[in-house]
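So the chains spell out like this:
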Amino acid sequence: MSSAAAQRHVGGGEARAFVVLALALCLTAQLLGPSVAATEPMSWRAWLVVASASATLVGVIWGGQLCLAWLPPLARRRDLGLALSSALVAAGILVDLFHLDVFGAHLSLAAVDVGLQAFISGEVPVPWRTLGVALLVVAGWVAGLPWLLARLRALPLRAPARLVTRNSAVALALSLSLLLLVETATTDPADAGAAALAARLPWRAVAANQSPDTAGLAVPGMELSERTEQRQFDHLLSRRDTLLTGVRAERRPDILLLVVESLRADAASAAEMPALHALTRGCLSVPRYYSSGNNTGTGLFGLLNGLPAFYYRAARNSGTFSLPLDLLGRLGYRRTVWMSRDLREWDAIYQRQFEGHVDASHLAAGRTQADREVAMVDDMLADMASRTAGGGPHFDFMMVYGTHYPYTYPKRFAHHRPEAPLDFEMGADVAHKDPALAAAIRNRYRNAARFVDHLVGRVVADLKRRGRFDSTVILVTGDHGEEFWEHGRFGHTWGLVEQQIRVPIALCVPGRPASPRRYGGHPDIMPTIFDHMGLSVDVGSLATGRSLLAAAGDDDVAIVGRGIIREQRSFDYVLAGGALKVNFHNYGPLLATAV
């Protein structure tokens with residue numbers, strides 16, 4: 001073999017090795033993605049695992065490159081095939097990385113099913129522009145890689161083993177250096193406040209006078225993990241009949257929970273939502289109040305069960321579950337759900353939260369979403385007016401949808417202009433590409449909030465007119481918040497920033513106008529209601545939430561988790577309290593930020 005031919009062979013091998021190295025680095029990024037995205041300090045064991053995995057991967061790359069360096073050069077048509085296949089593999093890895101960053105889980109058939117449902121139902125518009133750009137990038141790669149391979153083959157390369165070893169060592173050093181830089185720049189391991197606040201987590205300890213049987217979900221000396229959560233939840237499930245047997249209440253007031261979709265805390269201002277703002281001033285409120293999650297299912301789970309988000313997956317594994325609703329049924333409550341949009345159609349929320357635990361449900365009819373909202377309120381108020389005195393207590397749950405994307409309302413509520421069209425484009429880059437559109441989208445949300453406030457005002461006025469307001473427990477809150485690019489994202493489910501998880505609260509409890517708490521969350525609602533009712537069972541035996549009527553202590557905190565949809569879940573949680581918001585993983589250390 002001539003020297004020129006040998007050089008061409010080596011060059012062809014190096015070119016193919018270049019592609020293999022690029023794909024291997026993508027795979028390394030995928031494997032290290034959770035550690036980098038977590039922005040939390042890793043233990044020395046984790047560093048050892050990362051270093052060992054990286055060293056093994058580099059060894060595989062080195063061996064593969066050395067073998068490829070002595071193979072005959074690929075034909076031009078095979079170069080094209082290599083370009084296309086590598087583009088598809090890289091695209092799949094990058095899509096999976098994006099999914100891992102957003103949902104905390106790798107791509108799966110269930111995730112594809114959720115995405116298809118979202119596109120078909122219109123919840124999420126098809127990103128045609130993004131798909132077009134992606135196709136152009138893939139086309140450029142497929143067309144350009146054969147040209148690059150041809151240029152690389154023309155380079156005179158010698159001693160491939162030495163060159164490959166050097167390249168692999170540089171790649172390893174750069175990847176570990178990048179990981180170290182990200183780690184150093186985004187964490188503050190010396191923050192003692194975070195560790196002090198973490199000590200308040202409810203599973204850390206149990207009062208000395210409680211036995212494991214009556215301690216509810218708090219198990220001393222156990223690290224939090226999915227296995228622990230499932231064991232704790234199964235323990236609670238096994239005690240369901242015992243907790244419900246012979247339960248009594250000193251008071252049985254009517255209960256109305258009015259939950260507004262995607263209602264962030266700062267929406268309930270005097271200017272934007274005067275009726276709700278007046279309720280927050282006249283009823284029990286908490287300065288910093290949080291949902292239990294950043295999507296509907298996780299938020300409603302905390303609200304209806306008195307449990308934080310990290311038990312939601314355990315509850316989903318167990319099927320439908322709502323012990324507080326069952327308890328109200330044992331106390332003689334007629335339990336009714338009022339909907340303007342069917343909660344059965346998205347992630348089986350109705351089936352998991354209500355089915356088998358309520359006595360009736362009503363889905364309003366109407367031509368538009370706004371029409372259905374009005375009809376839902378009309379139906380509920382008519383039903384309330386028909387109830388006779390002495391007919392037993394009622395529990396009503398109403399879900400108002402107007403402030404959910406795409407933010408619907410009758411035209412007479414379009415106070416803020418310009419307003420975006422109903423089919424507006426949403427995406428993370430809208431605020432940068434078109435600030436005027438971003439402002440118009442925010443105006444749609446503000447108009448929808450004004451419409452929702454009108455509906456809240458109608459309900460409150462009707463209860464006062466019939467003399468039922470002062471004898472009814474009334475809650476108005478959001479299931480979660482909504483972000484408008486304050487942290488680079490639009491909507492919810494993306495993260496645990498204040499705009500996505502902090503919601504307003506107006507809890508009208510007869511004769512209880514104030515709360516001593518500074519922090520609270522959805523898991524505290526049912527314990528607060530049960531505290532007012534004077535249950536014969538210890539509320540702590542069925543919920544981890546704390547009554548907002550009780551004196552504040554070390555438990556003056558709120559726990560929020562990222563949303564769970566289908567099989568995707570995240571290990572990210574935050575604990576808010578003591579002027580700090582601590583970000584932590586179900587398996588990892590802490591990162592504190594001021595709130």
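Some points on helix α15 (residues 369-386)
Count 3.6 residues to each turn of an α-helix, and residues three or four apart come out pointing the same way.
Logical step 1: Between its terminal C-alpha atoms α15 stretches 26 Å, which fits the 26 Å expected from 18 residues at 1.5 Å a residue.
Logical step 2: If you check which residues of α15 are buried, you get Q369, A370, E373, A375, M376, V377, M380, L381 and M384.
Logical step 3: On its buried face, α15 sits against β1 (254-260), β3 (334-339), β5 (394-400) and α17 (435-465).

Some remarks on the environment of R316
Logical step 1: You can see R316 is positioned in helix α12 (residues 312-317).
Logical step 2: Linking R316 and R352, residues 36 residues apart in sequence, is a C-alpha distance of 7.2 Å.

Some points on the pattern of salt bridges
Logical step 1: Per the stated rule, a full pass over the model turns up 22 salt bridges.
Logical step 2: Where D342 meets R344, a salt bridge forms, and the shortest distance between an N and an O atom there is 3.0 Å.
Logical step 3: With its nearest N and O atoms 2.7 Å apart, the salt bridge here joins R465 to D462. Placement of the pair is R465 and D462 together in helix α17, with a separation of three residues, close to one helical turn.
Logical step 4: Look at R465 and you get exposed, because its relative accessible area is 63%.
Logical step 5: Each of R264, D266, R442 and E486 takes part in salt bridges that share partners, so that together they form one network.

Brief notes about the environment of V476
Logical step 1: Within the element layout of this structure, V476 appears in strand β6 (residues 472-478).
Logical step 2: In this structure the C-alpha to C-alpha distance between V476 and V456, which are 20 residues apart in sequence, comes to 8.2 Å.
Logical step 3: Ignoring sequence-local partners within four residues, the contact set of V476 consists of L258, L276, L279, V456, P504, I505 and A506.

Here we look at the packing of α15 against α17
Logical step 1: In the contact formed by α15 and α17, the axes pass within 11 Å of each other and the chain directions differ by 10°. Between α15 and α17, the interaxial angle falls into the category roughly parallel. Across from A370, E373, V374, V377, D378, M380, L381 and M384 in α15, the residues of α17 making contact are F451, L455, R458, V459, D462 and L463.
Logical step 2: Looking at the contact of α15 with α17 residue by residue, the class counts come to 10 nonpolar, no polar and four charged.

Some points on the sheet that holds strand β4 (residues 360-363)
Logical step 1: One open sheet holds the six strands; their spatial order is β4-β3-β5-β1-β6-β9, and the pairing between them is mixed. The open sheet has two free edges, formed respectively by β4 and β9 (505-508), since each of these has just one partner strand. When the angles between neighbouring strand axes are averaged without regard to direction, this sheet yields 10°.
Logical step 2: As paired elements, β3 and β4 share four bridges and run parallel to each other. The partner of M339 across the bridge, within β4, is L363.
Logical step 3: Helix-sheet contacts for helix α10 (residues 274-282) involve β6 and β9, and the interaxial angle to β9 is about 60°.
Logical step 4: The strands touched by α17 within the sheet are β1, β5 and β6, with β1 carrying the most contacts at an inclination of about 170°.

Thresholds, definitions, all that
- Residues numbered from 1 in each chain as written.
- Predicted model: local features only at pLDDT ≥ 70, side-chain atom pairs only at ≥ 80, totals over all residues.
- Heavy atoms only, no water.
- Helix = DSSP H or I, 4+ residues; strand = E, 2+ residues; numbered from the N terminus.
- Expected span 1.5 Å × (residues − 1).
- Buried < 20%, exposed > 50% of the residue type's maximum accessible area, 1.4 Å probe, protein only.
- Contact = heavy atoms within 4.5 Å.
- Salt bridge = Lys/Arg side-chain N within 4 Å of Asp/Glu carboxyl O.
- Axes fitted to C-alpha atoms, helices over the stretch in contact; angles between N-to-C directions.
- Parallel < 35°, antiparallel > 145°, perpendicular 65-115°, else oblique.
- Nonpolar A, V, L, I, M, F, W, Y, C, P; charged D, E, K, R; others polar.
- Pairing = 2+ DSSP bridges.

Note that every value here comes from positions in space, so none of it alone points to a role or purpose.
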